[in-house]
Amino acid sequence: MSLHPFLDKALDLATQSLTLTSPNPRVGCVLTDSSGFILGQGHTQRTGAAHAEVMALRDAAANGRSVAGATAYVTLEPCSHHGRTGPCCDALIAAGITRVVALHADPNPLVAGQGFARLRAAGAEVEVLAADEPLAMRARELNIGFFSRMIRKKPWVRMKIAASLDGKTALNNGSSQWITSPEARADGHAWRARACAVLTGIGTILQDRPRMDVRLVQTSRQPQLVIVDSRLQTPPDATIFIAGRAVFIYSSVQNDAKKLALEQRGATVIYLPGSHADGTPTGKVDLSAMLLDLAQREINELHVEAGHGLNGSMLREALVDELVVYLAPKFVGKGQEMADFGPLINLDQSMQLDFSSAIPIGPDLRIVARVRGRGVF
């Protein structure tokens, strides 16, 4: 049995908002009286709508329950600033909440302890679990992208790869549909759904003409789309243009006519050329600068589904934090690799990973692995 059952319940509520709150963090809140009776509960809604604390207060009011003198169990520090909504700490104070138990302080510099300070100044008792408590660690993992954006100033980058057991993502002729099973593809769409944005390369756009949206699982919103397109080759009639979805295209060349044609389809074209150490242009997009730019655009989790070329560049430049790899129980022989980088001179240069999980998904195996040392920030 959990030592913190109401925090456990609040975390379960936060998990229900997995695909909903971007770019806000996923937060849950439970309000109880002194006997432990639950007065109200809720989780953060879509951007611009109510946060978890306000939803819990509304739930209590809808059931005719007073929350004066109640305790609020929250998975993240109540916000203290005016953003798209008002400060949640003020809403709790106005409602008469006298105790707040939280799993984490908010890493957002606009909050960063100020919510707790205002609650204490109003006479409320505030308790925050230690960062190494299992529930606190789970809450941080749930919002790993938000923490990354606030602390590292760049998104959490998760790369998804589907491959045969001998590590091939496609045949030599480019055929890849389908190496993995329908179950694995649906699971991959679930990972897409939780991301703020999906990233792919121009090679995938031109070869596969994908939609790069979420179709195989239910979702309350479509993630935004990011395309690395060094020579600005994205066709204006590409299938990736879906009503209501933001599309960001990063290029290393300036072409006003193509830019205008793409912007007329609703895309945002960003000129971000890379350069060598001596200042000469690489002819490619500056991927590291792209991540910083995406963070400025409030991208928390970036889900990469690309070909071996862009995969190789992202890995070679140490821009990937986590991998989700589906392995099908089949050998295909010669074909396209998971990522094109190297060759290395010795094994000490290899990227070191730590396995997070390895579970069957239908007939396939899903491996989640984190680049060693990532997540500690």
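Details of the structure are given in the entry above.
Remember, it's a predicted structure, so these values are computed and weren't measured experimentally.

Novice: Explain the packing of aromatic side chains to me, please; I cannot follow it from the model alone.
Specialist: Two aromatic rings, taken as a pair, are described by how far apart their centres are and by the angle between their planes. Tallied over the entire structure, the rule returns 2 aromatic pairs. When the centroid spacing of 5.2 Å and the interplanar angle of 40° are considered together, the rings of Phe-6 and Tyr-73 count as tilted. With Phe-6 in helix 1 (residues 5-15) and Tyr-73 in strand 3 (residues 71-74), this pair connects stretches of sequence that are 67 residues apart. Accessibility assignment for this pair places Phe-6 and Tyr-73 in one class, buried. Look at Trp-156 and Phe-377: their rings are 6.3 Å apart centre to centre, the planes differ by 45°, and that puts the pair in the tilted class. Linking Trp-156 in strand 6 (residues 156-164) with Phe-377 in the segment after strand 18 (364-371), this pair joins segments that are 221 residues apart in sequence. Here the guanidinium or amino end of Arg-140 rests over the ring plane of Phe-377, the centre of that ring lying 4.7 Å away.

Novice: In this structure, what is going on with the packing of helix 2 (residues 52-62) against helix 3 (residues 88-95)? I would like to understand it.
Specialist: For any two helices packed against each other, one specifies the inter-axial angle together with the distance between the axes. Two elements in contact, helix 2 and helix 3, have axes whose closest approach is 8 Å; the angle formed by their N-to-C orientations is 30°. Considered as vectors, helix 2 and helix 3 are oriented roughly parallel to each other. Regarding helix 2 and helix 3, the two cross each other, and that crossing is left-handed. Counting all contacts with helix 2, which are made through Glu-53, Val-54 and Leu-57, the residues of helix 3 involved are Cys-88, Ala-91, Leu-92 and Ala-95.

Novice: Please explain the environment of Tyr-250 as it appears in this structure.
Specialist: Its location among the elements puts Tyr-250 in strand 10 (residues 247-251). Along the backbone, Tyr-250 and Ala-170 are 80 residues apart, and their C-alpha atoms lie at a distance of 25 Å. In contact with Tyr-250, other than residues within four places in its own chain, are Val-226, Ile-227, Val-228, Asp-229, Ser-230, Ile-270, Leu-272, Val-285, Met-290, Asp-293, Leu-294 and Arg-297. There is a polar contact of 2.6 Å between the side chain of Tyr-250 and the side chain of Asp-293.

Novice: Whenever I open this one, the packing of helix 3 against helix 4 (residues 114-121) confuses me. Can you help?
Specialist: Interhelical geometry of helix 3 versus helix 4 gives an angle of 20° and a closest axis separation of 9 Å. By the angle between their axes, helix 3 is roughly parallel relative to helix 4. Every pair of crossing elements has a handedness; the one defined by helix 3 and helix 4 is right-handed. Contact residues: helix 3 offers Cys-89, Asp-90, Leu-92 and Ile-93, while helix 4 offers Gly-115, Arg-118 and Leu-119.

Novice: I'm lost on the pattern of salt bridges in this one. Help?
Specialist: Pairing is possible between side chains of opposite charge, provided their charged atoms come close. All chains considered together, the criterion is met by 22 salt bridges. We note a salt bridge from Asp-321 to Arg-152, for which the minimum N-O separation is 2.9 Å. Residue Asp-321 is found in the loop between helix 11 (308-316) and strand 15 (322-328), and its partner Arg-152 is found in the loop between helix 6 (144-151) and strand 6; the two are separated by 169 residues along the sequence. Between Arg-158 and Glu-322 there is a salt bridge whose closest N-O contact spans 2.9 Å. Separated by 164 residues along the polypeptide, Arg-158 in strand 6 and Glu-322 in strand 15 bring together distant segments of the chain. For Arg-158, a relative accessible area of 2% gives the class buried. Connected through salt bridges with shared partners, the residues Arg-26, Glu-141, Arg-158, Arg-194, Glu-301, Glu-322 and Arg-370 form a single ionic network.

Novice: What should I look at first to understand the state of the cysteines in this one?
Specialist: Simply put, the disulfide is a covalent bond whose two ends are the sulfur atoms of two cysteines. With the rule as written, the count across this model stands at 0 disulfides. Here Cys-88 stays free of any disulfide, with the sulfur of Cys-79 as its closest cysteine sulfur at 3.6 Å. Residue class for Cys-88 comes out buried when judged on its relative accessible area of 2%. As a non-bridged cysteine, Cys-89 has Cys-79 as the owner of its nearest cysteine sulfur, 6.8 Å distant.

Here is what the cut-offs are and how they apply
Residues numbered from 1 in each chain as written. Predicted model: local features only at pLDDT ≥ 70, side-chain atom pairs only at ≥ 80, totals over all residues. Heavy atoms only, no water. Phe/Tyr/Trp six-rings, centres within 6.5 Å; stacked < 30°, edge-to-face > 60°. Helix = DSSP H or I, 4+ residues; strand = E, 2+ residues; numbered from the N terminus. Buried < 20%, exposed > 50% of the residue type's maximum accessible area, 1.4 Å probe, protein only. Lys NZ or Arg CZ within 6 Å of the ring centre and 35° of its normal. Axes fitted to C-alpha atoms, helices over the stretch in contact; angles between N-to-C directions. Parallel < 35°, antiparallel > 145°, perpendicular 65-115°, else oblique. Left-handed = near helix turned anticlockwise from the far one by under 90°. Contact = heavy atoms within 4.5 Å. Polar contact = N/O pair within 3.5 Å; in protein donor to acceptor, adjacent residues only side chain to side chain. Salt bridge = Lys/Arg side-chain N within 4 Å of Asp/Glu carboxyl O. Disulfide = S-S within 2.5 Å.

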